[in-house]
Amino acid sequence: MRTPFLDLTSRLRYINFMPDDSKAVVHPARIVRGVVRIPGDKSISHRYAMLAAIAEGSSKFQNFSAARDCCSTLDCMSKLGSAWKRLEDGAIEVQGVGPRLKAPTEVLDCGNSGSTMRMLSGILAGQPFTSELCGDESLSRRPMARIMKPLSEMGARIDAAEGGRPPLKVHGGPLKPIHYRPEVASAQVKSCVLFAGLFAEGETVVEEPIRTRDHGEIALRAFGAEVERKGNASRIVGGQRLRAIEAHVPGDLSSAAFFLCAAALYPGSQITLPGILMNPTRARLLDILMQMGLKVSVAHLEEHQGELVGTIEARGSAWKGGVIAGADTAALIDEIPVLAAIAPYSESGLDVRDAKELRVKESDRIAAVATNLRKMGAEVEERPDGMRIPGGQHLHGAELDSFGDHRIAMAFAVAALRAEGETTISGADAAGVSYPTFFEELETVAGR
Ligand code: S3P
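Keep in mind that this is a model prediction, so the values were computed, not measured.

Taken as a whole, the largest pocket encloses approximately 760 Å³ of empty space. The wall of the largest pocket is formed by 43 residues, among which A185, S186, I333, E357 and K361 lie closest to the centre. Mapped onto the lining of the largest pocket, the elements with two or more residues apiece are α1 (42-53), α3 (114-124), α5 (187-197), α9 (327-331) and α12 (406-416). Element by element, the count of residues in the lining of the largest pocket is highest for α1, at 4 residues. Tallied by class, residues from the lining of the largest pocket come to 10 nonpolar, 13 polar and 20 charged.

What follows is the structure, given as structure tokens:
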């Protein structure tokens, strides 16, 4: 008899995720097979919503991310004067108001979304008014000094709580251009500064230590701005006007990663993911998965508004494990939790290095992964900037926690598919921050 894979019991629905709001029970699978249509990319959806608001005309987006995080961005933009609605065909329409937004009469609630707070601050820095931004408990712990520094150099004044944490008060005004070399490799910081650069007089340059995802540059170009990129430096000249666009948002590769890792659990597994983002600054994940043993092919490559899209076919084979370090760590920062969660099942294990950024994500992801893996009976060596997880281990089902972090909830649902016995994940509702239908979709591909 087929056991129910999931028992997701939400007692209450809160706009911000409340830990212990929901529990998911995951039962082991024998194989993973099927086709999954992954919702639109979260990084691109945020940027489209923000740029559409400061463009002229109304923009329309098919397959806009269903993530709670992207709703936070849309809601903030509407408090700044840009109305949005869902059309009958499921597309999202955003009414642009041009570069001058309306002063908000309420605090802008960014929910759990660091992307909303950091990138939107870039736009708000160029507005002739003061805005207040707040977030949930997790976001309130995250570092904002990384955007406060460049925006202050450009002439904005930003107040934050102790230690440069939210809530923020952004006092916008006239901006001057800067040549900025961020210490941390962060696409959110890069987009924040480039968005602010739109409002500065002259050329703003962001020169990154390691090249990060370039959706900000690509989206700015799609909306009609000129952005030059040479090596790791991106440049924008202020005063450019944006024009509304129509776009289809590619499927989120970071959400696809959970299904690719599920396929990696069993030789003979097979998964097809149509319409997935193939942007080279994100697709390093596929190289790493192939090096670790997953058989991957990509078909139907196309370009939508400057972003590459393709259909991924993946087949499980011997899962070898490996090392993630340096530029790969930055490129795979959102996928490391799931790669680490399934690492005990690999032959040689996984070594994650240069990853201290993982400690300041929606949770401390190194501690969260190590805690959950140990509860499942695994051996893990935790370091300040990484972890080593030996291979050849057997895991048992356990009572785990999402730590209020969407990627931890989903990573351990995948690991639970190969554990012995049932796994309970408290706070599983966190998955909705990036992928509200994740547990239902995982159920459709789990063969028993
Ligand atoms: C994102 C960049 C990354 C990533 C986040 C989304 C983006 O964060 O972890 O989920 O859309 O630019 P950092 O810029 O902090 O590395």
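By a widespread convention, an interface's size corresponds to the accessible area lost as its parts come together. Taken domain by domain, the protein chain comprises domain 1 (8-40 + 250-447) and domain 2 (42-248). Across the contact, 34 residues belong to domain 1 and 33 residues belong to domain 2. Between domain 1 and domain 2, the buried area comes to about 2,700 Å², and carbon and sulfur atoms account for 46% of it. On the domain 1 side of the interface with domain 2, the three residues burying the most area are Q305, E362 and V433, jointly 22% of the side's total. Counting the contacts that link domain 1 with domain 2 gives 4 salt bridges. For E362, the salt bridge goes to R142, with nearest N and O atoms at 3.8 Å. Between the two partners, domain 1 and domain 2, sit 17 residue pairs in polar contact (both at pLDDT 80 or more). Elements with a contribution of two residues or more to the side of domain 1 that touches domain 2: α9 and α12. Broken down by class, the residue content of the side of domain 1 that touches domain 2 amounts to 13 nonpolar, 12 polar and 9 charged.

Bringing unusual backbone geometry into the picture now. A cis geometry characterises the amide bond from P166 onward to P167, with omega recorded as 0°. Take P167: it is sitting in strand β10 (residues 165-171). Unusually for a residue other than glycine, N63 sits at a positive phi of about 55°. Of note in this structure, H300 is not a glycine but carries a positive phi near 50°. Positionally, H300 belongs in strand β18 (residues 295-304). The exposure class of H300 is exposed, given its relative accessible area of 60%.

Moving on to empty space enclosed by the protein. All chains considered together, the criterion is met by 1 cavity of 30 Å³ or more. Approximately 40 Å³ is the volume found for the largest cavity. Forming the walls of the largest cavity are R213, L253, S254, R282, L285, A331 and E335. The class makeup of the residues in the lining of the largest cavity is 3 nonpolar, 1 polar and 3 charged.

What follows deals with the sheet that holds β10. The sheet built from 4 strands is open, its strands ordered β7-β8-β10-β9 with mixed pairing. Edge positions in the sheet fall to β7 (108-109) and β9 (157-161), since each of these pairs with one other strand and no more. As defined by bridge partners, β7 adjoins strand β8 (residues 130-134) across 2 bridges and the pair is classed as parallel. If you follow L108 over to β8, its bridge partner there is L133. Running at roughly 180° to β8, α3 makes contact with β7, β8 and β10 of the sheet.

Another point: the packing of α1 against helix α6 (residues 215-222). A pair of packed helices is captured by two measures, namely the crossing angle of their axes and the spacing between those axes. Remark: α1 packs on α6, axes separated minimally by 10 Å, with the N-to-C direction vectors making an angle of 40°. What the angle tells us is that α1 and α6 run oblique. The chirality of how α1 crosses α6 is right-handed. Residue-level contacts link S43, I44, R47, Y48 and L51 of α1 to H215, G216, A219 and L220 of α6. Taken together, the residues of the contact of α1 with α6 sort by class into 5 nonpolar, 3 polar and 1 charged.

Rules behind the numbers
Residues numbered from 1 in each chain as written. Predicted model: local features only at pLDDT ≥ 70, side-chain atom pairs only at ≥ 80, totals over all residues. Heavy atoms only, no water. 1 Å grid on protein atoms, 1.4 Å probe; cavity = no way out; pocket = protein on both sides within 12 Å on 5 of 7 lines; lining within 4 Å. Points joined across faces, edges and corners; volume = space filled by probe spheres on them. Helix = DSSP H or I, 4+ residues; strand = E, 2+ residues; numbered from the N terminus. Nonpolar A, V, L, I, M, F, W, Y, C, P; charged D, E, K, R; others polar. Domains from an automatic or database assignment. Contact = heavy atoms within 4.5 Å. Buried area = accessible area lost by both parts, 1.4 Å probe. Salt bridge = Lys/Arg side-chain N within 4 Å of Asp/Glu carboxyl O. Polar contact = N/O pair within 3.5 Å; in protein donor to acceptor, adjacent residues only side chain to side chain. Buried < 20%, exposed > 50% of the residue type's maximum accessible area, 1.4 Å probe, protein only. Pairing = 2+ DSSP bridges. Axes fitted to C-alpha atoms, helices over the stretch in contact; angles between N-to-C directions. Parallel < 35°, antiparallel > 145°, perpendicular 65-115°, else oblique. Left-handed = near helix turned anticlockwise from the far one by under 90°.

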